[in-house]
Amino acid sequence: MERSSSAQVKDVDNISKLPNDVLLLILSRLSTEEAIRTSVVSKRWEHVWKQLSHLVFNIPRIINSTELRDSLNRVDILITKVINNHRGHLESCVINHFPYHGVTGILNTWIQSVTCVKHTKVLTLTNDFLCRNPTNKIFDIPTNSFSHPSLTSLSLSSYILRSSHPLINCSNLKTLKLVLITAPEVGVFNRVLTSCPSLEVLVLDIVCVDNKSGIPLKIENNTLKVLHVQAMHYIDGIQVSATSLDILIIEDASFGRDGFFLRSPKLQFDRNFWAPGRFVPHMSYNISQEENSIVHEEFMNNIPRPFFRSVAIMAASMSVSVDLRNQTQVERLRQVLRLWTRKMMGLEIIFKDYNDATTTEENSESWHKKFWKDNINKDAFPSAKFRVKTVWMNNFSGSEEEFAFASCLIKQGTVVDKMMIKTSSLPPRKKLEIEAAVVKLEALQTEDERELTIHCF
């Protein structure tokens, strides 16, 4: 039987009937340019993109991939129009621009719009200095450009800071990332850091053109929790005083051991990472059990990409402070160690005091016993692939948890070369107890497996 024309299926646009929050979720998976193009789909879609909470303007990519490649001015006009037509506030905004935009002043207009009008919380600016600066002029970002109260995170890449003026009065900032930033002298960076007293996360890849003063970089901030030094060139040293610091990463340092000073009570580590003739990239991490830890979130989401890319072909080491009876801390230790895809050169472990009031009865009496028993018998900790050349345990007490942890590392072949257990600072009786525990650890290896040596020092 033939179907009648009245029975034919009609085209139905069910997607357009969805509520705005669902449509915005769909648009969030698209680039900013693609999301804006949906405005021509129908009347329903015309203004949806204007409520996006994240905007990304990658001008070099736009120029290279569209018919606008010969009309930079048209691109600038369109970006200005998009920012002005956007409704509400922005969670984040990314602008990848040419030096030309700084010279003409349009960049300053965009910065003012996204900070003072759009109340952007997270702003990322990248200067594509390799292209489109026919005048070779150096431009300056105006004073107080980033001091709006709504702006909490700022990332600058590939700029020349001739002064600290763009970053004065920035007590609003909690995260500051300065990548490939050049200044005439280290005092510019010191003044910038003084103007940002509320920082919790600081990332530095900085260069001084001429630093003959001998003045070090000074970081004095008691709210700072994460310090990541990607690179420091032509800077004579670094002095860090940060009572809340939980993570310190130094990838590359042009200064020697004498140029490094750290005052941070949470990072009490003993290893000297200035090997003869070079610095060994190193990370120190005081693991916290806070449920929503900005420190751990920053590390897992943002630090691994640049850090582990740079150390993949270099020696790298880590110091960690952890409570083996705390489930959250142990799981975070596992997550961090799993990020290493190459053999780690050295792992220093500080075991936290179990008498800490934050250690719950549940953590101290039941969970940890089952966890370490399972890991010894079947589960690899932190993974079957993780390997470390040398492990230092500076305050090994021989407790059930610490012995089980050390046993895991030995039986699973995690430690390749040496396990160093410090006993020299212990009273005689305790020293004998630890040495007896070391004998038991050595017995875990068969005669054919005795490639690992366990030393007391």
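Per an unreviewed UniProt entry, the protein chain carries the name F-box domain-containing protein and comes from Brassica campestris.

Chemist: Let's hear about the nonpolar core: which residues, and what values?
Modeler: Among the nonpolar cores identified, the biggest contains 74 residues, and F146, L167, L176, L217, I219 and L227 are the most heavily contacted of them. Of all hydrophobic cores here, the second largest spans 43 residues; its members include V226, Y285, V295 and M419.

Chemist: Hey, could you go over the confidence of the model for the protein chain for me, with residue numbers and the actual values?
Modeler: Averaged over all residues, the pLDDT of the protein chain equals 84, while 82% of them reach at least 70. Every residue in residues 1–7 is under pLDDT 50, and counting partners more than four places away or in other chains gives two contacts.

Chemist: Which residues make up unusual backbone geometry, and what values do they have?
Modeler: Unusually for a residue other than glycine, H119 sits at a positive phi of about 55°. If you trace the backbone, H119 turns up in the loop between α6 (106–117) and β3 (122–127). Classification of H119 as partly exposed rests on a relative accessible area of 24%. The backbone of Y234 sits at a positive phi, close to 60°, despite the residue not being glycine. Inspection of the secondary structure puts Y234 in the loop between β8 (226–233) and β9 (238–241).

Chemist: Pulling in residues and values, what's your account of helix α4 (residues 72–85)?
Modeler: Owing to its 3.6 residues per turn, the α-helix aligns residues three or four sequence positions apart on the same side. The terminal C-alpha atoms of α4, which comprises 14 residues, lie 20 Å apart, in line with the 20 Å expected from a rise of 1.5 Å per residue. Buried within α4 are the following residues: L72, V75, D76, I79, V82 and I83. Looking down the long axis of α4, one finds its buried residues gathered within 125° of arc, a one-sided arrangement. α4 presents I77, K81 and N84 as exposed residues on the side facing more than 90 degrees away from its buried surface.

Chemist: Summarise the pairing of strand β17 (residues 388–393); cite the residues concerned and give the values.
Modeler: With respect to burial, β17 is a largely interior element, five of its six residues being buried. Where β17 and strand β18 (residues 415–421) come together, five bridges link them in parallel fashion. Its bridge partner being in β18, V391 is matched across the sheet by M419.

Chemist: Quick one: what's the story with the pattern of salt bridges, residue by residue and with numbers?
Modeler: Side-chain pairs of opposite charge can arise whenever the charged atoms involved come near each other. Counted by the stated rule, this structure contains 10 salt bridges. The residue K121 makes a salt bridge to E91 at a minimum N-O spacing of 3.2 Å. With K121 in the loop between α6 and β3 and E91 in the loop between α4 and β2 (92–97), this pair connects stretches of sequence that are 30 residues apart. For E91, a relative accessible area of 34% puts it in the partly exposed group. Put simply, D140 and R162 hold a salt bridge, and the shortest N to O gap is 2.6 Å. Here D140 is found in the loop between β3 and β4 (153–157), whereas its partner R162 is found in the loop between β4 and β5 (175–183), with 22 residues between them in sequence. Residue classification places R162 among the partly exposed residues on the basis of a relative accessible area of 46%.

Chemist: Kindly report on the packing of aromatic side chains, identifying the contributing residues and their values.
Modeler: On inspection of all chains with the given rule, the structure shows four aromatic pairs. When the ring of Y285 is compared with that of F299, the centres are 6.0 Å apart and the planes differ by 25°; the resulting orientation is stacked. Within this pair, whereas Y285 is found in strand β14 (residues 282–286), its partner F299 is found in helix α8 (residues 294–302), the two being separated by 14 residues in sequence. In terms of burial, Y285 and F299 fall into one category: buried. Judged by centre distance (6.0 Å) and plane angle (75°), the ring pair of F381 and F405 falls under edge-to-face. Of this pair, F381 sits in the loop between α11 (361–377) and β17 while F405 sits in helix α12 (residues 400–411); the two residues are 24 residues apart in sequence, bridging distant segments of the chain. Summarising the burial analysis for this pair, F381 and F405 share the class buried. Taken together, the ring pairs in this structure connect F351, F381 and F405 into an aromatic cluster.

The rules behind the values
- Residues numbered from 1 in each chain as written.
- Predicted model: local features only at pLDDT ≥ 70, side-chain atom pairs only at ≥ 80, totals over all residues.
- Heavy atoms only, no water.
- Core = buried A, V, L, I, M, F, W, Y, C linked by side-chain atoms within 4.5 Å.
- Buried < 20%, exposed > 50% of the residue type's maximum accessible area, 1.4 Å probe, protein only.
- pLDDT = per-residue confidence, 0-100.
- Contact = heavy atoms within 4.5 Å.
- Helix = DSSP H or I, 4+ residues; strand = E, 2+ residues; numbered from the N terminus.
- Expected span 1.5 Å × (residues − 1).
- Arc of directions from axis to C-beta.
- Pairing = 2+ DSSP bridges.
- Salt bridge = Lys/Arg side-chain N within 4 Å of Asp/Glu carboxyl O.
- Phe/Tyr/Trp six-rings, centres within 6.5 Å; stacked < 30°, edge-to-face > 60°.

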